[in-house]
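Observations on the three-dimensional arrangement
Residues per chain are reported as follows:
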Amino acid sequence: MSKKLIIGNWKMNLNVHQASLYVHELSEKIPEHNDVEVVLAPTNLALQTLSLQVKRRQFKLAAQNVYYRDDGAFTGEISATMLRGLVQYVLVGHSERRHIFGETDKDVRAKMQAVVRNELIPILCVGETADERANNETKHVLHDQITGGLANISSEDIERVVIAYEPVWAIGTGKNARPEDLEKARDTIRHQVTSLYGEAIAKKVRLLYGGSVSADNAADYLALPGVDGLLVGGASLKADVFASVVEKARSQGREG
Ligand code: PGA
């Protein structure tokens, strides 16, 4: 059984000082977690400090966003080239990027390429809105987001890609998806990746769930076959709550 991957997306929360205290606290709560891969996505401002701190603590880091060009006159942006050496993972196409900042599948595709080109691991976020769900468009939306996001990813690079199913209606709302919703989305996503790359390769792509994950519901998702971990927002902001989510993944790993 492969290690579960648990990612904490802090969004625009926790300043550099708070981030550093958090890592200290988290490492006290989960001193040894070789059986779970724990990744933190702090503000970019904290990446340098945390990259020194987490090496000793065995956590990994992710960036919450990236620009698709490697350098140049792009005021305010940060490139994957700059993130190399600081993070291992990069979130791409998070629904807040798509819906608040207007990122399109074309942007997402270019960002995916930039991340892979710089030998980092992209976490491609996909998911339908409440309206799309009500109109039975979930399959269609996932199909478009996956095809659009992966368009330029080679069969060699796809093995490293992580896909996070994050229904927009479940993010930050407390209305987490039912395990059966996730099973349906998992099947659609796996089917789509299989049709693009073949079964053997598609099996290696890790799939996460995100959307109002809590210490209480984490185990329900982790128990599902073909679900490799969780992308946690609100419940990752407090080290003790996030540590309990990680603990669920550890016990899941032991049971599996
Ligand atoms: P949430 O956020 O856990 O607060 O719903 C998840 C995410 O946006 O990745």
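1. A short note on the site of the ligand
Near the ligand, the surroundings consist of 13 residues, among which Lys11, His94, Glu166, Gly172 and Ser212 are the closest. Here an oxygen atom of the ligand sits 2.8 Å away from a polar atom, N or O, in the side chain of Glu166. Gly172 has a polar backbone atom sitting 2.6 Å from an oxygen atom of the ligand. For the ligand, whose accessible area on its own is 280 Å², the fraction buried by protein is 96%.

2. Focus on empty space enclosed by the protein
A water-sized probe rolled over the atoms picks out the places where empty space is left. Scanning the model with the defined rule gives two cavities of 30 Å³ or more in all. Of the voids in this model, the largest cavity is the one considered here, and its volume is about 40 Å³. Around the largest cavity, the lining residues are Ile163, Ile189, Arg190, Val193, Ala202, Val205, Arg206 and Leu207. Those elements that provide at least two residues to the lining of the largest cavity are helix H8 (179-197) and strand S7 (206-210). Classifying every residue of the lining of the largest cavity gives six nonpolar, no polar and two charged. As a volume, the second largest cavity reaches approximately 30 Å³. Considering the residues around the second largest cavity, the lining is formed by Gly93, Ser95, Arg98, Cys125, Val126, Gly127, Gln145 and Glu166. Looking at the lining of the second largest cavity, the elements that each hand over two or more residues are helix H4 (95-99) and strand S5 (121-126). Here the lining of the second largest cavity is composed, by residue class, of two nonpolar, four polar and two charged.

3. Describing unusual backbone geometry
Of note, the phi angle at Lys11 is positive, near 55°, even though the residue is not glycine. Within the element layout of this structure, Lys11 appears in the loop between strand S1 (4-9) and helix H1 (16-29). In this structure, Ser212 is a non-glycine residue whose phi angle is positive, near 55°. One can find Ser212 in the loop between S7 and helix H10 (218-222).

4. Examining the sheet that holds S7
Read around the closed barrel, eight strands run S1-S2-S3-S4-S5-S6-S7-S8, paired in parallel fashion. Across the sheet, the mean angle from the axis of one strand to that of its neighbour is 25°, orientation sign disregarded. Direction of pairing for strand S4 (residues 89-92) relative to S5: parallel, over a ladder of four bridges. Within S5, the residue paired with Tyr89 across the bridge is Ile121. Sheet contacts for helix H5 (residues 105-117): S4 and S5; angle to S5, the most-contacted strand, approximately 160°. Across the sheet, H8 is in contact with S5, strand S6 (162-165) and S7; its angle to S6 comes to roughly 145°.

5. Some words on the packing of aromatic side chains
The geometry of two aromatic rings is summed up by the distance between their centres and the angle between their planes. The tally for this structure, following the rule as stated, stands at five aromatic pairs. Consider the rings of Tyr67 and Tyr68, whose centres lie 4.6 Å apart with planes at 35°: the pair is tilted. Using a relative accessible area of 17% as the deciding quantity, one classes Tyr67 as buried. Three or more aromatic residues joined by ring pairs form one cluster here, namely Tyr67, Tyr68 and Phe74.

6. Overview of the nonpolar core
Counting residues in hydrophobic clusters, the biggest one holds 68 residues, and the most contacted among them are Ile6, Leu26, Leu150, Ile163 and Leu230. With six residues, helix H11 (residues 239-255) is the largest single contributor of residues to this core. Among residues more than four places away in sequence, those in contact with Ile163 are Leu124, Val126, Ile146, Leu150, Ile189, Val193, Val205, Arg206, Leu207 and Leu208. Counting 14 residues, the second-largest nonpolar core is a separate cluster that includes Leu5, Ala41, Leu91 and Ile123.

7. What about the pairing of S4?
Looking along a regular strand, one sees side chains alternate from face to face of the sheet. Residues Tyr89 and Leu91 point to one face of S4 and Val90 and Val92 to the other, with burial holding for every one of them. Judged from the two bridges that link them, strand S3 (residues 60-63) and S4 form a sheet pairing that is parallel. Bridge assignment links Ala63 to a residue of S4, and that residue is Val90.

8. A few points about the pairing of S1
Counting buried positions along S1 yields six of six residues, so the element is predominantly enclosed. Of the two faces of S1, the one lined by Lys4, Ile6 and Gly8 and the one lined by Leu5, Ile7 and Asn9 are each fully buried. With six bridges connecting them, S1 and strand S2 (residues 36-41) associate as parallel partners. In the sheet register, Asn9 faces S2, and the bridge partner there is Ala41. Here four bridges tie S1 to strand S8 (residues 229-232), and the two strands are oriented parallel to one another.

The rules behind these values
- Residues numbered from 1 in each chain as written.
- Predicted model: local features only at pLDDT ≥ 70, side-chain atom pairs only at ≥ 80, totals over all residues.
- Heavy atoms only, no water.
- Near = heavy atom within 4 Å.
- Polar contact = N/O pair within 3.5 Å; in protein donor to acceptor, adjacent residues only side chain to side chain.
- Areas by Shrake-Rupley, 256 points an atom, 1.4 Å probe, with all protein chains shown as cover.
- 1 Å grid on protein atoms, 1.4 Å probe; cavity = no way out; pocket = protein on both sides within 12 Å on 5 of 7 lines; lining within 4 Å.
- Points joined across faces, edges and corners; volume = space filled by probe spheres on them.
- Helix = DSSP H or I, 4+ residues; strand = E, 2+ residues; numbered from the N terminus.
- Nonpolar A, V, L, I, M, F, W, Y, C, P; charged D, E, K, R; others polar.
- Pairing = 2+ DSSP bridges.
- Axes fitted to C-alpha atoms, helices over the stretch in contact; angles between N-to-C directions.
- Contact = heavy atoms within 4.5 Å.
- Phe/Tyr/Trp six-rings, centres within 6.5 Å; stacked < 30°, edge-to-face > 60°.
- Buried < 20%, exposed > 50% of the residue type's maximum accessible area, 1.4 Å probe, protein only.
- Core = buried A, V, L, I, M, F, W, Y, C linked by side-chain atoms within 4.5 Å.

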